[in-house]
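Structural overview for review
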Amino acid sequence: MIDTHAHLTALDDPDAAVGRAAESGVTRILTVGTDVEDCRSALELAERHEGVSAILGIHPHSAGNAADADLAKLRELLANPKAVAVGETGLDWYRDYAPRHDQRRVFAAQLELASELGKPVVIHTRAADDDTLTGLADFAGAVVLHCFSSPHLLPTALDRGWYVAFAGNATFPKAVDLRLAATQVPHDRILAETDSPYLAPQPVRGKPNEPANVVHTVAALGRARGDDPGELGRQIERNAAQCFGL
Ligand SMILES: [Zn+2]
């Protein structure tokens, strides 16, 4: 099984978490860097563990501090063979941690970088879905909607062949709409992730999350879709291999 989105660098002991994941059958992890420093640390982890690859980007929350020099450094880091995608990037009008014009600027720059490098882009969108879609209008590469939480984006996502990644919040009792969305995603476009250390799924909700827990999310998605969890886990691994070129 694969966890397609974890922030290993935000865990207390990332190496131990990678080991526990492997014991649970989660042998591949994509770890996400959120600024240049964090991307360097993510790459170090990826180089240390065969099953770990890195998604490198400047998170919308960090966009306010991102200068052109940071985007140039990001481009250099993305040349590492262990770097498989650009992100997470996008727009967050909910937290508004960075000025909106900076978020738009850094999002646009990363889409350009992904196009140029031929890499997929991992999208973070919160309370900004219309503007995120506008930003993606001309992007022709592979897109992953990370921590999918906006069912009304689904028709566009499916129409454009984007990947839809479900996180622990899709297992929460009230998330009936997300599980319904999960039944509508074609088998070759669905992904699962933990977003560790955030959003731990049922039945470990409320604890710090880690990649081993992706099995709970895959099980919940399997129940909703009527898929065998083991088979769905393998399908998700194939989808991730296709999307990220693993
Ligand atoms: Zn994330």
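Overview of the structure.

Rules used throughout
- Residues numbered from 1 in each chain as written.
- Predicted model: local features only at pLDDT ≥ 70, side-chain atom pairs only at ≥ 80, totals over all residues.
- Heavy atoms only, no water.
- Helix = DSSP H or I, 4+ residues; strand = E, 2+ residues; numbered from the N terminus.
- Expected span 1.5 Å × (residues − 1).
- Buried < 20%, exposed > 50% of the residue type's maximum accessible area, 1.4 Å probe, protein only.
- Arc of directions from axis to C-beta.
- Disulfide = S-S within 2.5 Å.
- Axes fitted to C-alpha atoms, helices over the stretch in contact; angles between N-to-C directions.
- Parallel < 35°, antiparallel > 145°, perpendicular 65-115°, else oblique.
- Left-handed = near helix turned anticlockwise from the far one by under 90°.
- Contact = heavy atoms within 4.5 Å.

This part takes up helix 9 (residues 229-244). For helix 9, which comprises 16 residues, the first-to-last C-alpha distance of 22 Å matches the rise-based estimate of 22 Å (1.5 Å per residue) to within 8%. All buried positions along helix 9 are accounted for by Leu232, Gly233, Gln235, Ile236, Asn239, Ala240, Cys243 and Phe244. Each buried residue of helix 9 sits inside an arc of 165° when the element is viewed along its axis, so together they form one side. Remark: glycine 245 follows helix 9 within two positions and exhibits a positive phi of approximately 65°.

Quick look at unusual backbone geometry now. In this structure, glutamate 88 follows glycine 87 across a cis peptide bond, with omega equal to 0°. Although it is not a glycine, cysteine 147 adopts a positive phi angle of roughly 50°. Within the secondary structure, cysteine 147 is located in the loop between strand 6 (143-145) and helix 6 (154-159). Non-glycine residue aspartate 195 carries a positive phi angle of around 55°. Among the structural elements, aspartate 195 can be located in the loop between strand 8 (190-192) and helix 8 (214-225).

The next subject is the state of the cysteines. Counted by the stated rule, this structure contains zero disulfides. No disulfide involves cysteine 39; its sulfur sits 17 Å from the nearest other cysteine sulfur, which is in cysteine 243. The exposure class of cysteine 39 is buried, given its relative accessible area of 0%. Here cysteine 243 is not disulfide-linked; the sulfur of cysteine 147 is the nearest cysteine sulfur, at 16 Å. With relative accessibility at 8%, the residue cysteine 243 sits in the buried group.

Further remarks concern the packing of helix 3 (residues 68-77) against helix 4 (residues 100-117). Put simply, helix 3 and helix 4 touch, their axes get as near as 11 Å, and they point 25° apart. What the angle tells us is that helix 3 and helix 4 run roughly parallel. Regarding helix 3 and helix 4, the two cross each other, and that crossing is right-handed. Of the residues in helix 4, those in contact with Asp68, Leu71, Leu74 and Arg75 of helix 3 are Arg105, Ala109, Gln110, Leu113 and Glu116.

Worth remembering: the numbers are spatial, not functional.
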